[in-house]
Amino acid sequence: MFVLVFASLVLSACGGAAAKPEGEVAIVAWPGYIERGANDPAYDWVTSFEQETGCKVTVKDAATSDEMVSLMSTGEYDLVTASGDASLRMVYGEIVQEIDITKIPSYNTIDERLQNAPWHTVDGKHYGVSYQWGPNVLMYNTEAFGGNAPTSWSVVFEEQALPDGESNKDRVQAYSGPIYIADAALYLKAHNPELGITDPYELNEAQFNAALDLLRTQRGFTPKYWGDYLIQVEDFKSEGFVASSSWPLQVNLLQADGAPIASVVPEEGATGWADTTMMAANAPHPSCAYLWLEHSINPKVQGDVASWFGSAPSVPAACDGASELLGTEGCKANGYDTFDQIYFWKTPIAACGNGNTDCVTYDRWTEEFTAIVGQ
């Protein structure tokens, strides 16, 4: 009934009969973001939406932001759960459209820190609805680290002996996307202050080259880059890997299988993602898409997603018991209090944020990172 009431409100805002739901909505999403109970019957925020709106949900999982941009460019999909390293690319590339927040009755329940976030708000116009956020954590094997959490990202950026007496060579991984250059820049921000890095996504030529040098050094002892979360889970189960940047989702899955795995946000802080549900410029099913945007910020849905993915909800009410799966302590456990420690992904552009326009743009990030991974 809740969704039906809002459906009538949204449809009225969209123009009454002309906005009758089209019967389906196609979503590009990060794995684990749109669940219908197939993996665990307790985690299902799709079935009730379909029953109450008549909009059938189809989902295409994407492993990277670049894949999301490519898929949304086809015009076959309505919505995408985009991270900050893709959202502005799609705004400026006119791949997504401005969102009319008056058609989303619950928009004002979103965390105030996210309602006008710069990765989805341009010139005062909204291009999406905040979904979930979280840090790129340092995942580690507790046995290899003697039961003590590593305090620095150095365990993946510098060749060294780990607490178990063995080298980290061939036992650590790195993320496969060009945006990972920011992780190197964040490490240098703390350990090489003479570089003057203030924002790991706004790098001049010297800062950028320093980050690349660090990644080239890392490549010498890092045999594998991960992009598929399930492959990383298997790698940590059976391939001897003991440390890597990761998402809370992999940590949760490994812990559920009894693996000796934990995670931490090290002293340097962490990069992270604040994901936004955005609508294609020529969405085939806009009425159903608006209904999903409203549904996506329901406190119970937000809490259920956060519980499954290990993320933080964009709606604070989700932290107060709206979801039995998340409970009242789940937000704290998922890093809700780390917001100020996270450098959220955003698309690198020439404007440096300090009046200068000599920052290295994302096309260079892609070119140089691809060369490093291919070594």
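Along each chain, residue indices are assigned from 1 in the same order as the chain's sequence is written. Given that the model is predicted, a residue must reach a pLDDT of at least 70 before its local features are reported, and side-chain atom pairs must reach 80 or more before they are shown or counted; all residues, however, enter totals for whole chains, interfaces and linings. To obtain the side-chain values, all non-hydrogen atoms of the structure were included, while hydrogens and water were left out.

1. Some details on the overall build of the protein
And then number 1: Of regular secondary structure, the protein possesses 14 helices and 14 strands.
And then number 2: Judged by the C-alpha coordinates and their principal axes, the protein covers about 65 × 50 × 30 Å.
And then number 3: Among the 375 residues that make up the protein, the fraction classed as buried is 57%.
And then number 4: Here, two residues are considered to be in contact whenever any of their heavy atoms come within 4.5 Å of each other. When contacts within the protein are restricted to residue pairs at least 6 apart in sequence, long-range pairs at least 24 apart make up 72% of them.
And then number 5: In these tables, accessible area is a Shrake-Rupley quantity obtained with a 1.4 Å probe, and a residue counts as shielded only by the protein chains included in the view. Surface exposure of the protein reaches about 14,800 Å², of which carbon and sulfur atoms provide 49%.
And then number 6: The charged-residue count follows a simple rule in which Lys and Arg add positive charge and Asp and Glu add negative charge, with His and chain termini not counted at all. Charge coordinates come from a single atom per side chain, which is NZ of Lys, CZ of Arg, CG of Asp or CD of Glu. Distance between charge centres in the protein, computed from 19 positive and 50 negative side chains, equals 3 Å. Per the convention used, a helix needs a DSSP run of H or I reaching at least four residues, while a strand needs a run of E reaching at least two, with both numbered from the N terminus. Throughout, exposure labels follow a simple rule: accessible area from a 1.4 Å probe, protein chains only, divided by the maximum for the residue type, with under 20% read as buried, over 50% as exposed, and the rest as partly exposed.

2. Comments concerning the nonpolar core
And then number 1: Definition of nonpolar core: a set of buried residues of the types Ala, Val, Leu, Ile, Met, Phe, Trp, Tyr and Cys, connected through side-chain atoms within 4.5 Å. Met90 and Trp365 are the most contacted members of the largest nonpolar core, which has 114 residues in total.
And then number 2: Judged by nonpolar contacts, the second largest core, of 9 residues, contains Phe236, Val251, Leu254 and Ala259.

3. Some words on the environment of Thr102
And then number 1: Relative to the helices and strands, Thr102 resides in the loop between α4 (84-92) and α5 (112-115).
And then number 2: Here Asp100 takes part through its side chain, which lies 2.5 Å from a polar atom of the side chain of Thr102. Polar contacts here mean pairs of N or O atoms no more than 3.5 Å apart (in protein, one a potential hydrogen donor and the other a potential acceptor; neighbouring residues in sequence count only if both atoms are side-chain atoms).

4. Some remarks on unusual backbone geometry
And then number 1: If you check the backbone angles, Glu94 has positive phi at about 55° while not being a glycine.
And then number 2: Locating Glu94 in the fold gives a position in the loop between α4 and α5.
And then number 3: Of note, the phi angle at Asp170 is positive, near 70°, even though the residue is not glycine.
And then number 4: Residue position: Asp170 is located in the loop between α6 (154-157) and β8 (172-175).
And then number 5: A residue is classified by how much of its surface remains accessible, and Asp170, at 42% relative accessible area, is partly exposed.

5. Thoughts on the packing of helix α10 (residues 248-256) against helix α12 (residues 299-309)
And then number 1: Structural elements are reduced to axes, namely lines fitted to C-alpha atoms, with helices fitted over the stretch in contact, and the angle between N-to-C directions of any two is expressed from 0 to 180 degrees. It is at 7 Å that the axes of α10 and α12 come closest, and there the two elements cross at 65°. It follows from the interaxial angle that α10 and α12 lie roughly perpendicular. On α12, the residues that touch Pro248, Leu249 and Asn252 of α10 are Ser307, Trp308 and Phe309. For classification, angles of less than 35 degrees are called roughly parallel, those exceeding 145 degrees roughly antiparallel, those between 65 and 115 degrees roughly perpendicular, and all remaining angles oblique.

6. Topic: the environment of Tyr180
And then number 1: Turning to its location among the elements, Tyr180 is positioned in the loop between β8 and α7 (181-191).
And then number 2: Considering only alpha carbons, one finds Tyr180 and Glu158, 22 residues apart in sequence, at a separation of 16 Å.
And then number 3: If we skip the residues at most four places from it in the chain, Tyr180 touches Val156, Phe157, Ala174, Tyr175, Leu215, Gln218, Ser245 and Phe369.
And then number 4: Separated by 3.0 Å, the side chains of Tyr180 and Gln218 make a polar contact.

7. Quick look at the state of the cysteines
And then number 1: Sulfur atoms of two cysteines make up a disulfide when they are within 2.5 Å. Applying the stated criterion to the full structure yields 3 disulfides.
And then number 2: Note that Cys55 is cross-linked by a disulfide to Cys288, the S-S spacing being 2.1 Å. Where Cys55 bonds to Cys288 through sulfur, the torsion about that S-S bond is close to -80°, and the disulfide is left-handed. Placement of Cys55 in the loop between α2 (47-53) and β2 (56-61) and of Cys288 in helix α11 (residues 286-296) is noted, with a sequence separation of 233 residues between them.
And then number 3: Judged by its relative accessible area of 0%, Cys288 is buried.
And then number 4: Residue Cys352 pairs covalently with Cys359 via a disulfide, S to S 2.1 Å. Disulfide Cys352-Cys359: torsion about the S-S bond near 130°, hence right-handed. With respect to class, Cys352 is no different from Cys359; both count as buried.

8. With respect to the packing of α7 against helix α8 (residues 205-219)
And then number 1: Between α7 and α8, the least distance of the axes is 9 Å, while the angle of their chain directions is 105°. Between α7 and α8, the crossing angle belongs to the class labelled roughly perpendicular. Counted together, Ile181, Ala184, Ala185, Tyr187 and Leu188 of α7 and Phe208, Ala210, Ala211, Leu212, Leu214 and Leu215 of α8 form the full contact between these two elements.
And then number 2: Following the grouping adopted for this structure description, the nonpolar residues are Ala, Val, Leu, Ile, Met, Phe, Trp, Tyr, Cys and Pro, the charged ones are Asp, Glu, Lys and Arg, and the polar ones are all others, Gly among them. Of the residues that constitute the contact of α7 with α8, the class distribution is 11 nonpolar, no polar and no charged.

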